[in-house]
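Residue-level structural notes
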Amino acid sequence: MNAVLQDGFGRQIDYLRMSVTDRCDFRCVYCMAKNMTFLPRQQVLTLEELQRLARLFVGLGVKKIRLTGGEPLIRPGIVGLCRDIAALPGLRELVMTSNGSQLGRLARPLVDAGVKRMNISLDSLDGERFRAITRNGDLDRVLAGIEAATGAGFERIKLNCVVMKGRNFDEVPALVQYAIDRRIDISFIEEMPLGDVGRSRGESFCSSDDVRAEIARHHRLLDSAESSGGPARYVRLERHPDTRIGFISPNTHNFCASCNRVRMTVEGRLLLCLGQENSLDLRGLLRRYPLDDQPIVQSIKQALKGKPLQHDFSPGGEVQIVRFMNMSGG
């Protein structure tokens, strides 16, 4: 079936970000509160339900699926789920976002299962600062995971860094050099106002323009029209052609007009926009219609007509969505 999934504004939806767990072995300050309550098991989609939904979305025209969390690699059975999804006819690529803590043992199995690209979060190269940002992360273990990933055979690896003034903005040049040395990409992300994480986000907000200006002090940047199928805007480095620098700017340069994606939480809520609460209860539909896909397909098509034109994020730092990032699918 060569289906095309469109929203009410005519935007083609061909990218699904699918959370496989709300749990994580880190507690990053921009993602979670210090003390989190996670979903009970019966509210979480089973592996079979996740695979079924992936199949339905690919049948509707989705070409790219990104598995997220929480931390997707702590979900039992994740490699088998990857293998099942990667094998779906019509899917162009299965990709994943991880904090890197489990990649030392899982990078090669994930490549063998069909994961094409890996995004790895890295917000600092200083061990103490890394632990402060993640609250309990081990930098050496993550760096070892990145090294394992670079040797495992992924088609592309990208680092993701959420930049915050007063925490890691001064490390931007060092993080760029780290990516250059390994011939991998890096994206810098503006912090999003999702969930009450116990502090004012406005005080630490750092715009993509500020980050770009800091990088431009050290490298000549060449604008690029390249796209990875997501929201990042890329530049190339004149003297380092193997590394792309991405900027994801939901607050200052929103990418809503070209939005091609929806998110699904691990409890089966189809989020039509990261910055709005519009959603469809897919878990309820799955369990109401265990043998009949058609009501679910029709509900997805109908829900997409209500996808908002844009979100309402602003750089001010106010919590505009009470849902935490780990619940949204990071």
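Residues numbered from 1 in each chain as written. Predicted model: local features only at pLDDT ≥ 70, side-chain atom pairs only at ≥ 80, totals over all residues. Heavy atoms only, no water.

**Quick look at the state of the cysteines**
Threshold: Cysteine sulfur atoms are paired as a disulfide whenever they come within 2.5 Å of each other. Exposed residues in this analysis have more than 50% of their type's maximum accessible area, buried residues have under 20%, and partly exposed residues fall in between, with area computed by a 1.4 Å probe over protein chains only.
On inspection of all chains with the given rule, the structure shows zero disulfides. Considering cysteine sulfurs only, C206 is the nearest to C161, which forms no disulfide, with 9.3 Å between them. Owing to a relative accessible area of 1%, C161 belongs among the buried residues under this scheme.

**Looking at the UniProt feature "binding site: [4Fe-4S] cluster 2" (unreviewed entry) in the protein**
Which entries qualify depends on this criterion: UniProt positions are given in the numbering used here, feature names are shortened, and annotations may be inferred rather than shown by experiment. Runs of E in the DSSP output that reach at least two residues are strands. Runs of H or I that reach at least four are helices, and both are numbered from the N terminus. Note on definitions: a residue-residue contact is assigned when non-hydrogen atoms from the two residues lie within 4.5 Å.
This chain's UniProt record puts "binding site: [4Fe-4S] cluster 2" (unreviewed entry) on C256, C259 and C273. In sequence the annotated residues extend across 18 residues, while in space they remain close, none of their C-alpha pairs exceeding 9.2 Å. Looking at the secondary structure, you find C256 in the loop between β9 (240-248) and β10 (261-264). Secondary-structure assignment places C259 in the loop between β9 and β10. Judged by its relative accessible area of 12%, C259 falls in the buried class. Leaving out residues up to four positions away in the same chain, C259 has contacts with R11, Q12, I13 and K307.

**Quick notes on helix α1 (residues 47-59)**
In plain terms, the rule: Residue count minus one, scaled by 1.5 Å, sets the expected span of a helix.
Spanning 13 residues, α1 covers 18 Å between terminal C-alpha atoms, matching the ideal 18 Å at 1.5 Å per step. Among the residues of α1, those classed as buried are E49, L50, R52, L53, A54, L56, F57, V58 and G59. A positive backbone phi angle near 115 degrees is found at G61, which sits one or two residues after α1.

**Structural notes on the UniProt feature "binding site: [4Fe-4S] cluster 1" (unreviewed entry) in the protein**
Feature annotation in UniProt assigns "binding site: [4Fe-4S] cluster 1" (unreviewed entry) to the following positions: C24, C28 and C31. Among the residues examined, C24 registers a relative accessible area of 15% and is labelled buried. With residues near it in sequence (within four places) discarded, C24 still touches M32, G70, E71, I74 and N99. For C31, the position within the fold is in the loop between β1 (15-19) and α1.

**Re the environment of T21**
Rules: Here a polar contact is taken to be a pair of N or O atoms separated by no more than 3.5 Å, where protein atoms must pair a possible hydrogen donor with a possible acceptor and residues adjacent in sequence count only if both atoms sit in side chains.
Looking at where T21 falls in the secondary structure, it is placed in the loop between β1 and α1. Judged by its relative accessible area of 7%, T21 is buried. When the C-alpha positions of T21 and I74 are compared, they lie 8.1 Å apart, and in sequence the two are 53 residues distant. There is a polar contact of 3.0 Å between the side chain of T21 and the backbone nitrogen of R23.

**Describing the packing of helix α2 (residues 78-86) against helix α3 (residues 103-113)**
What counts is decided by this rule: In this description, a line fitted to the C-alpha atoms serves as the axis of each element, helices being fitted only across the stretch in contact, and the angle between N-to-C directions of two axes falls anywhere from 0 to 180 degrees. For classification purposes, angles smaller than 35 degrees are called roughly parallel, those larger than 145 roughly antiparallel, those between 65 and 115 roughly perpendicular, and all remaining angles oblique. For any pair of crossing helices, the crossing counts as left-handed if the nearer helix is rotated counterclockwise from the farther one by less than a right angle, and right-handed if it is rotated clockwise. Polar here means any residue other than Ala, Val, Leu, Ile, Met, Phe, Trp, Tyr, Cys and Pro, which are nonpolar, and Asp, Glu, Lys and Arg, which are charged; Gly is therefore polar.
Where α2 contacts α3, the two axes come as close as 8 Å, and the packing angle between them is 25 degrees. Taken as axis vectors, α2 and α3 run roughly parallel relative to one another. Both α2 and α3 take part in a crossing whose hand is right-handed. Two secondary-structure elements touch here, α2 through V79, C82, R83 and A86 and α3 through L106, P109, L110 and A113. The class makeup of the residues in the contact of α2 with α3 is seven nonpolar, no polar and one charged.

**What about the nonpolar core?**
How we decide: Only buried residues count toward a nonpolar core. Its members are Ala, Val, Leu, Ile, Met, Phe, Trp, Tyr and Cys residues joined through side-chain atoms within 4.5 Å.
Core analysis: the biggest nonpolar cluster contains 93 residues, and I65, L110 and F188 have the highest contact counts within it. When neighbours within four sequence positions are excluded, I65 is seen to be in contact with L16, M18, A54, V58, I85, L91, E93, L94 and V95.

**Structural notes on the confidence of the model for the protein**
Detailed reading of the predicted coordinates is not advisable wherever pLDDT falls low. Heads up, the condition is: Each residue carries a pLDDT value, the predictor's own confidence for that position, ranging from 0 to 100.
Put simply, the protein has an average pLDDT of 87, and 87% of its residues get 70 or more. Within the model, pLDDT remains below 50 along residues 195-202, and this stretch shows 31 contacts once partners closer than five positions in the same chain are excluded. Low pLDDT, under 50, characterises residues 319-323; the predicted model gives this stretch 25 contacts beyond four residues in sequence or across chains.

**Points about the pairing of β9**
Selection criterion: Here a strand pair is declared whenever DSSP counts at least two bridges between the two strands.
For strand β6 (residues 185-190) and β9, the ladder comprises four bridges, and the chain directions are parallel. Each bridged residue has a counterpart across the sheet, and for F188 the counterpart in β9 is F247. Note that strand β8 (residues 233-237) and β9 share five bridges and pair antiparallel. Across the sheet, the residue bridging to Y234 is G246, located in β9. Count of turn residues in the β8/β9 antiparallel hairpin: two residues.

**Overview of the pattern of salt bridges**
To keep it simple, the criterion reads: Salt bridge, as used here: a side-chain nitrogen of Lys or Arg that lies within 4 Å of a carboxyl oxygen of Asp or Glu.
A complete count under the given rule lists 19 salt bridges for this structure. Here R23 makes a salt bridge to D22, at a shortest N to O gap of 3.3 Å. For R23, a relative accessible area of 35% puts it in the partly exposed group. Each of R156, D185, E226, R236 and R244 takes part in one network of salt bridges that share partners.

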